[in-house]
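Survey of secondary and tertiary structure
Chain by chain, the residues run as shown.
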Amino acid sequence: MTTVTIPGEGSVPVLSQPSRQGWWRRFRRRPPAVLGLAGVVIVVAVAVFAPLLAHYSPIVSQFGHVLEGPFSSGHILGTDELGRDELSRLIYGSQATLEVGVLATLLAMAIAIPVGIAAGYYRGAADMVAMRVTDVVLAFPFLLIAVGLAAIFGPSLQNVILALGIAQLPGSVRIARAEAMALREQDFVQAAIVTGAKDRVILFRHLFPNMLSPLMVQASVSIPAAILGSALLSFLGLGVQPPTPSWGNMLASAQTYLYNDPWIAIFPGVAIFLTTLSFNLLGDGLRDLFDPSMR
Amino acid sequence: MTGPVLEVTDLRMEFRAPRSAGGRRVQAIREVSLTIGEGEILGLVGETGSGKTTVGKCVVRLLRPTAGTIRFAGRDITTMPARALRPVRSQIQMVFQDPYSSLDPRMTVGQIVAEPLRAHGRFKDLGVRPLASRAIERVGLSTQVLDRYPNELSGGQRQRVGLARALVLEPKLLIADEPVSALDVSVRAGILNLLADLQKSMGFSCLFITHDLGVAEFLCDRVAVMYLGEIVEVGSRDEVFGDPRHPYTRSLLGAAPLADPVAQRSRERSIMPGEPPSAISPPPGCSLNPRCPLADTRCSTEAPVQTEVSPTGHLARCHRIQEQMSLEVSHT
Amino acid sequence: MAELLAVQDLEVRLFDRSGVVLAVRDVNLTIGQGEVVALVGESGCGKSVTALAILRLLPADARISGQVHFDGHDLLQLPLRQMRRIRGSDIAMVFQEPMSSLNPAFTIGNQIVEVLKLHKGLRGQAARTRAAELLSLVRIGSPEQRLRSFPHQLSGGMRQRAMIAMALACDPKLLILDEPTTALDVTTQAQILDIVRDLQKRLGMSILLITHDLGVVADLADRVAVMYAGNKVEDAEVHRLFAAPRHPYTVGLLRALPRRGRRAGDAQERLTEIPGLVPVLRESLAACAFAPRCPRAQEDCSRQAPHLEQCEVDHEVACFHPEPATVARVLR
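Remember, it's a predicted structure, so these values are computed and weren't measured experimentally. Each residue is numbered by its place in its chain's sequence as written, counting from 1. Chains and ligands are labelled by the order in which they are written, letters from A for the one and numbers from 1 for the other. This being a predicted model, a pLDDT of at least 70 is required before a residue's local features are given, and a value of 80 or more before pairs of side-chain atoms are given or counted; all residues contribute to the totals for chains, interfaces and linings. With hydrogens and water stripped out, all remaining heavy atoms of the structure feed into the side-chain values.

Digging into the overall build of chain B
Put simply, the test is: Helix numbering and strand numbering both begin at the N terminus, where a helix is a DSSP run of H or I of at least 4 residues and a strand a DSSP run of E of at least 2. Put simply, the radius of gyration uses C-alpha atoms, and a globule should come to 2.2 Å times the residue count raised to 0.38. Burial classes: relative accessible area under 20% of the type maximum marks a residue as buried, over 50% as exposed, and values in between as partly exposed (1.4 Å probe, protein chains only). Working rule for contacts: check all heavy atoms of both residues, and any pair within 4.5 Å makes them a contact. Computed with a 1.4 Å probe, the accessible areas rest on the Shrake-Rupley method; for each residue, only the protein chains presented here act as cover. Only four residue types enter the tally: Lys and Arg on the positive side, Asp and Glu on the negative side; His and the chain ends are excluded. Lys charges are placed at NZ, Arg charges at CZ, Asp charges at CG and Glu charges at CD.
Counting secondary structure elements, chain B contains eleven helices and twelve strands. For chain B, whose C-alpha radius of gyration is 21 Å, the value lies close to the compact-globule estimate of 20 Å for 332 residues. Based on the C-alpha atoms only, the size of chain B along its principal axes is roughly 70 × 50 × 45 Å. Expressed as a percentage of its 332 residues, the buried residues of chain B come to 59%. In chain B, the proportion of contacts linking residues at least 24 apart, taken out of those at least 6 apart, comes to 63%. Within the structure as shown, chain B displays about 13,000 Å² of accessible surface, and the carbon and sulfur contribution to it stands at 51%. Both charge centroids of chain B, one from 40 positive and one from 36 negative side chains, sit 8 Å from each other.

Given below as structure tokens:
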């Protein structure tokens with residue numbers, strides 16, 4: 001075998017500008033997305049560093065300071081009906097709230113990705129089954145699933161996560177499937193098949209890594225959806241059980257005092273709103289970032 | 001082994017159109033037979049929708065043909081199960097048209113070129129790297145590109161990477177599907193020279209699929225012309241380009257503009273009217289008859305068969321060939 | 001020949017994700033009455049940007065300087081309302097991809113009638129009759145019926161004919177064709193080229209033909225301007241350009257082309273490659289942009305930018321060391 005040296009393009013150094021550097025710069029050009037990212041970072045930081053940030057216990061009641069307004073006696077956001085510091089409960093409440101959002105989404109993804117890949121890449125019977133099952137899941141309102149699970153196993157964080165995870169399955173499966181189908185037709189996947197690569201290699205080295213960006217976008221949308229869902233479940237008494245604070249159950253217990261002491265409802269409400277907004281803005285930004293036509 | 005490397009016999013490929021489009025059958029390949037000898041480059045020439053790419057995909061088994069047989073080095077691979085097919089795959093490799101979508105954007109060039117080696121466990125004690133380096137140097141790139149990602153390379157460089165991936169296993173047969181049609185003229189020249197050089201030094205056979213007659217004439221030993229899922233003419237390069245017999249081949253050659261104003265403006269223009277009909281409802285008789293200047297009543301009722309123009313393997317699928325030939329004999 | 005369009009010192013800066021791109025630099029271009037001028041070059045050379053700048057169709061953040069004299073106006077200074085009136089009536093444009101420039105929701109007839117209404121004030125039956133006339137002008141059979149077709153019901157070639165018909169609706173003085181046949185097959189391309197050639201003769205309009213295909217240039221153009229990296233590097237009467245190109249880039253392009261009769265198998269036959277890549281210029285250059293790839297480059301080429309100078313009658317070249325006119329014959 002001889003090496004053919006070609007006085008062509010080949011001898012010239014490659015183009016510069018890897019697009020990885022461009023990522024942050026392109027992202028930075030979208031102020032809403034940057035704002036969303038900042039919001040998400042703040043919420044995550046608050047949840048992680050909750051013990052350092054909170055001055056009071058979120059659980060221990062101080063019956064001498066029940067329903068004090070904001071900026072009173074050292075409680076910046078006031079206290080709730082059991083005299084617990086509202087700010088500390090908000091800070092600790094972010095933990096359960098985020099946990100539900102993230103874990104429910106991870107659960108959905110963990111099931112959806114293999115199912116979606118199998119359905120989209122192999123098509124045929126696997127696809128048929130996957131699609132019919134998602135149709136069935138879609139037909140059940142997720143509240144019904146949550147109520148059912150709570151009724152059988154009793155209300156708990158795990159069941160909230162399970163219910164919300166199942167509720168998100170159909171959407172995630174469909175997205176994973178659509179991505180796998182599109183990638184299957186890409187020349188580089190066809191090239192891998194022609195090369196004689198094993199299915200395992202094609203699925204893990206070609207399909208999965210290239211599905212990550214759209215799935216990340218999906219996650220950034222489904223995390224806030226799960227947070228809202230968990231708030232709703234807590235509100236109905238099916239979610240995280242008191243005294244552990246979550247924004248949902250804070251909102252639920254505040255409803256009795258809504259008229260006279262509105263702040264204990266407003267603060268968790270605003271926290272939920274800002275958090276879901278941040279995730280959604282970030283999601284929109286990521287979607288634009290990964291959309292080749294926007295480059 | 002002295003037989004042909006690739007022998008395709010009576011290949012047919014039908015697709016079912018989506019139900020929204022009427023759900024009818026589309027005959028992408030109606031009947032294709034071809035052979036490629038050892039070290040031979042066969043050009044498969046045709047316009048959009050002629051079925052040339054489908055033939056290539058059937059040969060590499062990305063598609064399973066509806067009927068017909070594909071023999072590679074004497075073995076029937078038409079319906080070979082996946083497990084048995086894997087060792088055969090190392091012998092048949094493919095280069096794609098689009099240098100952008102044919103390389104996984106998340107893998108480095110080194111990983112891309114090494115993929116076939118890993119798939120077939122061909123790295124012995126050496127490791128993958130030296131073999132990948134040799135393949136990348138063979139296509140005229142420096143080994144520095146091994147650690148780059150495809151999006152850092154130009155179109156021509158990417159196409160060289162695609163070629164390196166296809167040739168790293170030193171296959172017997174290369175399927176090249178329009179490998180230069182997405183490239184600019186000056187870059188295209190480099191890839192064509194490279195293909196010619198590599199074919200000479202490595203000795204592989206090649207099915208070169210293209211719509212560009214100039215490229216086919218430059219590179220190929222033999223040429224097959226496809227129209228509406230059929231090979232209408234096949235022969236050596238000199239026969240097809242120097243003495244085209246099928247009216248469609250003639251019209252193709254006449255239609256491609258020459259890059260020379262004097263020759264282009266003085267040549268006789270005989271432009272074939274109309275456009276290829278839909279493959280869902282091909283016309284009865286000869287598929288070219290609605291557009292053909294020579295067509296008579298027989299052409300619209302009876303499908304022509306391959307007719308020998310010369311004993312060297314120059315064939316054309318046309319009723320009027322015999323008459324043309326006897327005419328020529330009477331003239332001389 | 002009276003000048004219809006005169007582009008002077010055109011400079012266009014565009015923005016991509018890495019910053020500013022000098023897409024067109026110091027381009028001067030004239031088109032006479034009834035003249036067909038081809039703007040030739042590889043992708044990214046600025047040929048399409050030049051055309052879009054003439055029509056002021058570039059993105060809003062593009063920075064354009066220079067003058068575009070047309071019919072007594074400087075198009076770059078014209079108020080937008082007047083510019084809109086000129087677009088589509090005095091200057092019409094046909095794009096590469098007809099599907100994306102036709103509205104899929106309306107019939108061909110609707111869209112042509114719309115143009116006639118807007119620019120010519122034709123209504124009702126008069127407009128429909130004129131629309132049918134236009135379709136038969138571009139040799140579309142049974143035009144009355146075709147007026148009722150939606151774009152997706154037509155083939156690519158038919159759509160491109162409909163686009164040309166629409167462009168001709170207002171008897172434009174200048175027709176800009178941007179890669180009009182690049183997306184089409186050769187036989188369809190030959191039909192379209194034939195139609196354009198015929199219409200140009202009959203209607204006497206000027207044409208600015210933007211293409212990378214030297215065959216199309218040889219077929220249609222009276223004069224050719226070759227662009228490289230945003231600059232016009234050579235401008236000559238078509239026969240002269242092909243017979244005796246002076247700029248090393250033009251010579252390279254012509255030699256890189258596989259042409260009839262050139263074969264890889266023949267003794268030492270190779271296509272000429274132009275080494276390296278087309279640069280993307282981000283700031284003006286005090287050197288010849290082609291120098292790094294040029295076989296004739298000398299020291300002075302990287303110190304100073306050459307300007308377009310007349311080397312013979314009807315022939316300008318921007319090069320310090322052009323090919324000698326007599327030796328440069330690259331064609332048979």
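Regarding the overall build of chain C
Each helix and strand in chain C was counted, giving eleven helices and twelve strands. Taking 332 residues into account, the globule formula puts the C-alpha radius of gyration at 20 Å, and chain C, at 21 Å, falls close to it. Considering only C-alpha atoms, chain C reaches an extent of 65 × 50 × 40 Å along its principal axes. Pairs at least 24 residues apart make up 65% of the contacts formed inside chain C by residues separated by at least 6 positions. Between the averaged position of the 40 positive side-chain charges in chain C and that of its 38 negative side-chain charges there is a distance of 6 Å.

Comments concerning the domain arrangement of chain C
All names here are of chain C. Formally: Annotation comment: domain bounds sourced from an automatic or database domain assignment. Summed over both partners, the accessible surface that disappears when two parts come together, traced with a 1.4 Å probe, is what is meant by buried area. One side-chain nitrogen of Lys or Arg within 4 Å of one carboxyl oxygen of Asp or Glu is enough to make a salt bridge. Polar contact is defined as a pair of N or O atoms within 3.5 Å, subject to the rule that within protein one atom must be able to donate a hydrogen and the other to accept it, and that residues adjacent in sequence are counted only when both atoms are side-chain atoms.
According to the domain assignment, chain C contains domain 1 (1-90 + 173-259 + 272-332) and domain 2 (99-171). Computed from C-alpha coordinates alone, the two centres of domain 1 and domain 2 are separated by 30 Å. Contact residues are listed per partner, giving 20 residues for domain 1 and 13 residues for domain 2. On the domain 1 side of the contact with domain 2, Ile192, Ile195 and Leu199 bury the most area, a combined 32% of that side's loss. Linking domain 1 to domain 2 there are two salt bridges. The partner of aspartate 198 in a salt bridge is arginine 139, and the shortest N-O contact between them spans 3.5 Å. At the junction of domain 1 and domain 2, the tally comes to four residue pairs in polar contact (both at pLDDT 80 or more).

Focus on the interface of chain A and chain B
Put simply, the rule reads: Each residue gets one label: Ala, Val, Leu, Ile, Met, Phe, Trp, Tyr, Cys and Pro are nonpolar, Asp, Glu, Lys and Arg are charged, and the others, such as Gly, are polar.
Taken together, the contact between chain A and chain B spans 33 residues of the former and 45 residues of the latter. Approximately 3,400 Å² of surface area, both sides summed, lies buried where chain A meets chain B, with 54% of it carried by carbon and sulfur atoms. Applying the counting criterion to the chain A and chain B interface returns zero salt bridges. Summed over the shared surface of chain A and chain B, the result is eleven residue pairs in polar contact (both at pLDDT 80 or more). Only α1 (19-28), α8 (187-195) and α9 (199-235) of chain A provide two or more residues apiece to the side of chain A that touches chain B. Top contributing element to the side of chain A that touches chain B by residue count: α8 of chain A, with eight residues. Residue classes in the side of chain A that touches chain B are distributed as 16 nonpolar, twelve polar and five charged.

A short note on the sheet that holds strand β3 (residues 36-40) of chain C
Residues and elements named next belong to chain C. Put simply, the rule is: Strand pairing is assigned whenever DSSP detects at least two bridges linking the two strands. Axis lines are fitted through C-alpha atoms, for helices just across the contact stretch, and the angle between N-to-C directions can take any value from 0 to 180 degrees.
The strand order across the open sheet formed by eight strands is β6-β7-β8-β3-β9-β10-β12-β11, and the pairing between neighbours is mixed. Sheet topology places β6 (91-94) and β11 (309-312) at the edges, where each strand pairs with a single neighbour. For this sheet, the mean inter-axis angle between neighbouring strands, taken without regard to orientation, is 20°. Two strands pair when backbone bridges link them, and strand β9 (residues 223-228) and strand β10 (residues 231-237) are joined in this way by six bridges, in the antiparallel orientation. In the sheet register, valine 226 faces β10, and the bridge partner there is glutamate 234. This element, helix α1 (residues 47-54), spans β3, β6, β7 (174-178), β8 (206-211) and β9 of the sheet and lies at about 145° to β8.

Description of the packing of aromatic side chains
Put simply, the rule is: Centres within 6.5 Å are what make two rings of Phe, Tyr or Trp a pair, Trp counting through its six-membered ring; a difference in plane orientation under 30 degrees is then read as stacked, over 60 as edge-to-face, and the rest as tilted.
Applying the stated criterion across every chain, the model contains five aromatic pairs over all chains. With centroids separated by 5.1 Å and ring planes inclined at 85°, the aromatic side chains of tyrosine 121 of chain A and tyrosine 122 of chain A adopt a geometry described as edge-to-face. Residue classification places tyrosine 121 of chain A among the buried positions, given a relative accessible area of 6%. Classification of tyrosine 122 of chain A as partly exposed rests on a relative accessible area of 42%. Plain terms: the ring middles of tyrosine 228 of chain C and tyrosine 249 of chain C are 4.6 Å apart, the flat faces sit at 55° to each other, and that makes the pair tilted. Here tyrosine 228 of chain C is found in strand β9, whereas its partner tyrosine 249 of chain C is found in helix α11 (residues 248-256), with 21 residues between them in sequence.

Things to note about the sheet that holds strand β1 (residues 3-16) of chain C
Residue and element names in this part refer to chain C. Reading across from one edge, β2-β1-β4-β5 is the order of the four strands in this open sheet, with antiparallel pairing throughout. Among the strands making up the open sheet, the edge pair consists of β2 (19-32) and β5 (73-74). In the sheet, strand β4 (residues 63-70) pairs with β5 via two bridges, with the strands oriented antiparallel. Bridge pairing in β5 links histidine 69 to aspartate 74. Its contacts with the sheet put α1 on β1, β2 and β4, and the angle it makes with β1 is roughly 115°.

A few points about the pattern of salt bridges
Residues and elements named next belong to chain C. Within the structure shown, the criterion is met by 38 salt bridges over all chains. Two residues, arginine 282 and aspartate 16, come together in a salt bridge whose shortest N-O distance is 3.3 Å. One end of the pair, arginine 282, is in the loop between α11 and β11; the other, aspartate 16, is in strand β1, with 266 residues separating them in the sequence. Here arginine 282 falls in the partly exposed class, since its relative accessible area comes to 27%. You can call aspartate 16 partly exposed: its relative accessible area is 35%. One salt bridge connects aspartate 235 with arginine 223, and the closest N-O pair in it is separated by 2.8 Å.

Focus on the pairing of β7 of chain C
Residues and elements named next belong to chain C. Counting buried positions along β7 gives five out of five residues, so the element sits mostly inside the fold. On β7, burial covers both faces: Leu174, Ile176 and Asp178 on one face and Leu175 and Leu177 on the other are all buried. In the sheet, β6 pairs with β7 via four bridges, with the strands oriented parallel. Directly across from alanine 92, in β7, lies its bridge partner leucine 175.

Section: the side chain of arginine 317 of chain B
Within the secondary structure layout, arginine 317 of chain B lies in strand β12 (residues 314-317). Buried within the structure, arginine 317 of chain B lacks any salt-bridge partner; glutamate 230 of chain B is the closest side chain of opposite charge, at an N-O distance of 4.2 Å.

Some remarks on the environment of isoleucine 140 of chain C
Within the fold, isoleucine 140 of chain C resides in the loop between α5 (124-137) and α6 (143-146). Taking the C-alpha atoms as reference, isoleucine 140 of chain C lies 9.6 Å from alanine 165 of chain C; in sequence the two are 25 residues apart.

Some remarks on the packing of helix α6 (residues 142-153) of chain A against α9 of chain A
Residues and elements named next belong to chain A. Stated formally: Angular relationships are summarised with four words: roughly parallel below 35 degrees, roughly antiparallel beyond 145, roughly perpendicular across 65 to 115, and oblique for the angles in between. Should the near helix be turned counterclockwise from the far one by less than a right angle, the crossing is left-handed, whereas a clockwise turn marks it as right-handed.
At a closest axis distance of 11 Å, the pairing of α6 and α9 adopts a crossing angle of 50°. By the angle class used here, α6 and α9 are oblique. Seen along the crossing, α6 lies across α9 with a hand that is right-handed. Judged by residue contacts, Phe142, Leu143 and Ala146 of α6 engage Gly229, Leu232 and Leu233 from α9. Along the lines of polarity and charge, the residues of the contact of α6 with α9 split into five nonpolar, one polar and no charged.

Observations regarding the interface of chain B and chain C
Tallying the contact residues gives 43 residues for chain B and 48 residues for chain C. When the two sides are added together, the surface that chain B and chain C hide from each other amounts to roughly 3,800 Å², 53% of it contributed by carbon and sulfur. For the pair chain B and chain C, the interface holds one salt bridge. At the surface where chain B touches chain C, the tally comes to 15 residue pairs in polar contact (both at pLDDT 80 or more).

Looking at helix α9 (residues 247-255) of chain B
Counting buried positions along α9 of chain B gives seven out of nine residues, so the element sits mostly inside the fold. Pro247, Tyr248, Thr249, Ser251, Leu252, Leu253 and Ala255 of chain B are the residues of α9 of chain B that are buried. In this structure, the buried residues of α9 of chain B make contact with β3 (41-45), α7 (213-219), β9 (222-227), β10 (230-236) and α8 (237-242) of chain B together with α8 (186-203) of chain C.

Things to note about a nonpolar patch on the surface
All names here are of chain A. The criterion, for reference: Patch criteria: residues need more than 30% relative accessible area and no salt bridge. Like-charged residues are merged within 9 Å; nonpolar side chains of Val, Leu, Ile, Met, Phe, Trp and Tyr are merged within 5 Å.
Together, Val44, Val48, Phe49, Leu52 and Leu53 make up a nonpolar patch on the protein surface, roughly 480 Å² of accessible area in all. Sorting the residues of the nonpolar patch by element identifies α2 (31-48) and α3 (50-53) as the ones contributing at least two each. Its place among the elements puts valine 48 in helix α2.

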